[in-house]
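This is what each chain is made of:
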Amino acid sequence: MAANRRSVLVTGGAGYIGSHAAKALSRAGYHVVVFDNLAAGHRQAVRYGDFVQGDIGDSGAVAAALKRYHCFAVIHFAAFLDVGESVRDPLRYYRNNVAGALSVLDAMVSQSIKFFVFSSTCATYGEPIETPITESHPQQPINAYGETKLAVERALPHVERAHEVRWSALRYFNAAGADPDAELGEDHSPEIHLIPRTIFAAIGADGLQVYGDDYPTPDGTCLRDYIHVTDLADAHVRALEALVETGKSGAYNLGTGHPHSVREVIDSVGRIVGRPVPWTVAPRRPGDPAVLYAAPQKAEAELHWKPRFADLDSIVRTAWEWHRTHPHGYGGK
Ligand SMILES: NC(=O)c1ccc[n+]([C@@H]2O[C@H](COP(=O)([O-])OP(=O)(O)OC[C@H]3O[C@@H](n4cnc5c(N)ncnc54)[C@H](O)[C@@H]3O)[C@@H](O)[C@H]2O)c1
């Protein structure tokens, strides 16, 4: 424990984005305490700071960790994030994502912790009415996952009024890529994200299905905003520092503002891996909008944040380096 460094509790810090944020926080001089139940995370992904194994639903355990490590802030990543699963099993998602977040907030209130950075998502917007999406775009989720994240966002101003907890809700678009040093990367099971799945197809480890090639986009496939995980991690450090400095709560979109189609991702992976990517066309998935990308200007202006990995190839290159050097991911928990 580092009494003279400022400790931050990172729930879900053994997961994909949380582990990268732990590295960024540590590099910025914070003492990191990862709190994770390893439901989807990996002990080997915790390379920065201390590790507490526990469930966010256990408010007492969260409070004990906050107290033991003298934390002054919480960055809350722990959640489930599979949209399809959230539709099949909404109660599991409400329990972990909503009740779990409230349990963390309860623990914070019990320990008088005043700063909360929350992993939200572009899925809170639902079907876009206009693109690029600004923070004031209506939030009308079309699946249980998006609803759970919005429910937490909506609770935050109330918690702030009652308990003076300042918050930042970071609405990520599509997190992608891996730590440029290749010591951390994406290892979900099952893997639901396009770039790793395309890499697996390129090396012959799995098949790739493209859900619809008849969308009203230039090449018929969906357009998404891929944001590098290290850029996301950096935004968390900036959001925390802005909160402490200004005391101003708010929501921020985190994306590059430049959408790429599924076919562009496939082409990029083929180029970087150096092998053609076999793929087949499957029917559209219900609830997949044709185009989804961020207007990131608010984060740029208020958090002084600018993605360093702005082009798709540089994102894919870091993802490939991670998968090339870690063919079995973290190799078990
Ligand atoms: N990956 C994306 O593209 C994306 C996009 C938008 C938002 N998000 C949000 O970002 C956050 C992190 O996503 P990720 O891709 O790193 O996911 P991840 O599954 O890799 O990480 C989540 C971590 O939380 C932990 N966790 C889950 N439930 C827990 C509980 N009850 N108690 C303790 N730990 C628990 C898991 O073990 C895992 O380590 C999530 O809140 C997700 O909704 C992700």
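As the structure is a computational prediction, the values presented were derived from the model and not from experiment. Here, residues in each chain are numbered from 1, in the same order as that chain's written sequence. Restriction of local features to residues with pLDDT of at least 70 applies here, the model being predicted, together with a cutoff of 80 or more for giving and counting side-chain atom pairs; totals for whole chains, interfaces and linings are based on all residues. Processing note: side-chain calculations cover all non-hydrogen atoms of the structure and skip hydrogens and water entirely.

Novice: Let's hear about the pairing of strand β11 (residues 250-254): which residues, and what values?
Specialist: Strand residues, when the strand is regular, have side chains that alternate between the two faces of the sheet. Each residue is assigned to one of three classes by its accessible area relative to the maximum for its type, calculated with a 1.4 Å probe on protein chains only: buried under 20%, partly exposed between the two thresholds, exposed over 50%. In this description a helix means any DSSP run of H or I spanning at least four residues, a strand means any run of E spanning at least two, and both kinds are numbered starting from the N terminus. Most of β11 is tucked away: five of the five residues are buried. Any two strands are treated as partners once DSSP identifies two or more bridges connecting them. Note that strand β6 (residues 166-172) and β11 share five bridges and pair parallel. Each bridged residue has a counterpart across the sheet, and for alanine 169 the counterpart in β11 is alanine 251.

Novice: Before we move on, can you summarise the site of the ligand with the specific residues and values?
Specialist: A cutoff of 4 Å decides nearness: a residue is near a molecule or strand if any of its heavy atoms lies inside that distance of it. Around the ligand, the surrounding shell holds 29 residues, and the nearest of these are Asp36, Phe77, Asn96, Tyr145 and Lys149. Under this definition, polar contacts are N or O atom pairs within 3.5 Å; protein pairs additionally need one hydrogen-donor-capable and one acceptor-capable atom, and for neighbouring residues in sequence, both atoms have to be side-chain atoms. Between the ligand and glycine 15 there is a distance of 3.1 Å, counted from an oxygen atom to a backbone nitrogen or oxygen. In the environment of the ligand, an oxygen atom lies 2.8 Å from a nitrogen or oxygen atom belonging to the side chain of histidine 188. Contact with the protein chains covers 97% of the free accessible surface of the ligand, which is 820 Å². Secondary-structure elements contributing two or more residues to the shell around the ligand are α1 (16-27), β5 (115-121) and α5 (144-163). Here the shell around the ligand gets three residues from one element, more than from any other, and that element is β5. Class assignment for the residues of the shell around the ligand results in 15 nonpolar, 11 polar and three charged. Where accessible areas are quoted, they stem from the Shrake-Rupley method and a 1.4 Å probe; at the residue level, only the protein chains shown are allowed to cover. When residues are grouped by polarity, Ala, Val, Leu, Ile, Met, Phe, Trp, Tyr, Cys and Pro land in nonpolar, Asp, Glu, Lys and Arg in charged, and all others, Gly among them, in polar.

Novice: Would you mind going over helix α7 (residues 229-246) in detail, with residue names and values included?
Specialist: Any helix carries an expected span of 1.5 Å times its number of residues minus one. Taking 1.5 Å of rise per residue, the 18 residues of α7 would be expected to cover 26 Å, and the 25 Å separating its terminal C-alpha atoms lies within 8% of that figure. Phi for glycine 247, located one or two positions after α7, is positive at around 65°.

Novice: With reference to specific residues and values, describe the environment of histidine 188.
Specialist: With respect to the secondary-structure elements, histidine 188 resides in the loop between β7 (174-176) and α6 (194-202). Measuring from C-alpha to C-alpha, the distance between histidine 188 and aspartate 89 comes to 19 Å, with 99 residues separating the pair along the chain. By definition, residues are in contact when any of their heavy atoms lie within 4.5 Å. Setting aside residues no more than four positions away along its own chain, histidine 188 makes contact with Tyr16 and His193. Within the structure, the side chain of histidine 188 is placed 3.1 Å from the side chain of glutamate 186, a separation counted as a polar contact.

Novice: Lay out unusual backbone geometry in plain terms, naming residues and giving numbers.
Specialist: A cis amide bond links threonine 131 to the next residue, proline 132, at an omega of -5°. Along the chain, proline 132 turns up in the loop between β5 and α5. A cis amide bond, omega 0°, links serine 189 with the succeeding residue proline 190. Relative to the helices and strands, proline 190 resides in the loop between β7 and α6.

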